[in-house]
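Spelled out from the first residue to the last, the chains are:
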Amino acid sequence: MADLKIVVTGASGRMGRTLIREIAQGQGLTLCGALEMEGHPNLGLDSGTLAGMQPNGIKLTADPLTLLAEAEAVVDFTSPLVSTMLADLAAQARIVHVIGTTGFDDKSEARIKAAARHAVIVKSGNMSLGVNLLAALVERAAKSLPDYDIEVLEMHHRNKVDAPSGTALLLGQAAARGRDIALEKHWVKSRDGHNLGPRADDSIGFATLRGGSVVGEHSVIFAGTGERITLSHSAEDRTIFAHGALTAAKWAHGKKPGLYAMTDVLGLNA
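Residues numbered from 1 in each chain as written. Predicted model: local features only at pLDDT ≥ 70, side-chain atom pairs only at ≥ 80, totals over all residues. Heavy atoms only, no water.

A. Representation of the sheet that holds strand 5 (residues 96-99) in the model. With parallel pairing, the seven strands of this open sheet are ordered in space as 3-2-1-4-5-6-12. With partners counted over all chains shown, the strands left at the sheet margins are strand 3 (60-61) and strand 12 (258-260), one partner each. Here four bridges tie strand 4 (residues 73-76) to strand 5, and the two strands are oriented parallel to one another. Pairing of Asp76 across the sheet is with Ile99, part of strand 5. (Pairing = 2+ DSSP bridges. Helix = DSSP H or I, 4+ residues; strand = E, 2+ residues; numbered from the N terminus.)

B. Summary view of the nonpolar core. In this structure, Ile6, Val8, Leu19, Val75 and Val98 are the most contacted members of the largest nonpolar core, which totals 32 residues. Of all elements in the fold, only strand 1 (4-8), helix 1 (14-25), strand 2 (29-35), strand 4, strand 5, strand 6 (120-123), helix 9 (239-252) and helix 10 (262-265) reach the threshold of two or more residues within this core. Per-element accounting of this core gives the leading share, seven residues, to helix 9. With sequence-adjacent residues up to four places away left out, Leu19 is seen in contact with Val8, Val75, Phe77, Ala242, Ala245 and Leu246. The next biggest cluster of nonpolar side chains, apart from the first, holds 22 residues, and it includes Leu134, Ala142, Ala174 and Ile204. (Core = buried A, V, L, I, M, F, W, Y, C linked by side-chain atoms within 4.5 Å. Buried < 20%, exposed > 50% of the residue type's maximum accessible area, 1.4 Å probe, protein only. Contact = heavy atoms within 4.5 Å.)

C. Representation of the environment of Asp180 within the structure. Note that Asp180 resides in the loop between helix 7 (166-179) and helix 8 (183-186). Since its relative accessible area comes to 71%, Asp180 is described here as exposed. With 41 residues separating them along the chain, Asp180 and Glu139 place their C-alpha atoms 9.8 Å apart.

D. Geometry of unusual backbone geometry. Here the amide bond leading from Ala163 into Pro164 is cis, since omega sits at -10 degrees, within 30 degrees of zero. Here Pro164 lies in the loop between strand 7 (149-156) and helix 7. Of note in the backbone geometry, Asp180 takes a positive phi value of approximately 60 degrees without being a glycine. Although it is not a glycine, Asp202 adopts a positive phi angle of roughly 70 degrees. For Asp202, the position within the fold is in the loop between strand 8 (187-188) and strand 9 (204-210). On the accessibility criterion, Asp202 (32% relative accessible area) is partly exposed.

E. View of the packing of aromatic side chains. Following the criterion strictly, the structure yields one aromatic pair and no others. Between Trp251 and Tyr260, the aromatic rings sit 5.2 Å apart at their centres with planes inclined by 80 degrees, giving edge-to-face as the arrangement. By relative accessible area, Trp251 is classed as partly exposed at 22%. The ring of Trp187 has Lys189 lying over it, and the distance from NZ or CZ to the ring centre is 3.6 Å. The positively charged end of Lys255 is found above the aromatic ring belonging to Trp251, 4.5 Å away from the centroid. (Phe/Tyr/Trp six-rings, centres within 6.5 Å; stacked < 30°, edge-to-face > 60°. Lys NZ or Arg CZ within 6 Å of the ring centre and 35° of its normal.)

F. Region of interest: the sheet that holds strand 7. Reading across the sheet, the five strands line up as 8-9-7-10-11 and stay open at both edges, with mixed pairing between neighbours. Each edge of the sheet is formed by a strand with only one pairing partner; in this case those strands are strand 8 and strand 11 (227-235). Sheet topology places strand 10 (residues 216-224) next to strand 11; nine bridges connect them, and they run antiparallel. Bridge pairing in strand 11 places Val220 opposite Leu231.

G. How the structure looks around the pattern of salt bridges. Taken as a whole and assessed by the stated rule, the structure comprises nine salt bridges. A salt bridge links Arg199 to Glu151; the nearest nitrogen and oxygen atoms lie 2.6 Å apart. Remark: Glu151 occurs in strand 7 and Arg199 occurs in the loop between strand 8 and strand 9; sequence separation between them is 48 residues. (Salt bridge = Lys/Arg side-chain N within 4 Å of Asp/Glu carboxyl O.)

This is the structure:
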């Protein structure tokens, strides 16, 4: 079977370079394009060199149309604006689009859902296989422990721009599914002052920490009377996200158009 031809977006960023290295070292994959934004100082440079490897002949470009016309999949850890644009282009090209970007608003979510009528889109707030297994466990625990309070705690590096993290929201959504409630109607994202009152039943709390170079720490705490259960995940290296995204790309190739999650990739929705 021929290697899956992949375009990497944000190719000179941390995740982009990690993806390029993982593709070079993996099986059944080949890098066919490296995208960066217009005006980026690294445009025209060799993507292999930027990723700390030998030159691979794939230079960074800001022209997605040419690259996607030759690709079978695009892997994307960029920004909501770029990811939404790429979803439209992936739909036109009828290729796989793996989205690891977070921080989308409702309008962007709707555009991605519309694009999935023609593209195979795998989208997740976290591409780690371990995190998505954790989410399945959180959903099960929330269903099995209906009277326990749920709190989601997360910490990331000091430069992360969105809060709560996409992973924290993914875990909160899993807890909400377990309780059969809408997360948006029950989340508590901040607590301050002296007049908060007692904790509301069925609320799902979020606490956000930022500092240093932390890749990602997430815990979901189920607090009952006299006991606590904590389900947690620690990301020690960004390669876990690249590995999960590339696993998703291989899984999605040949699937019918639609919007899929990493739980589909792991077979947890079967």
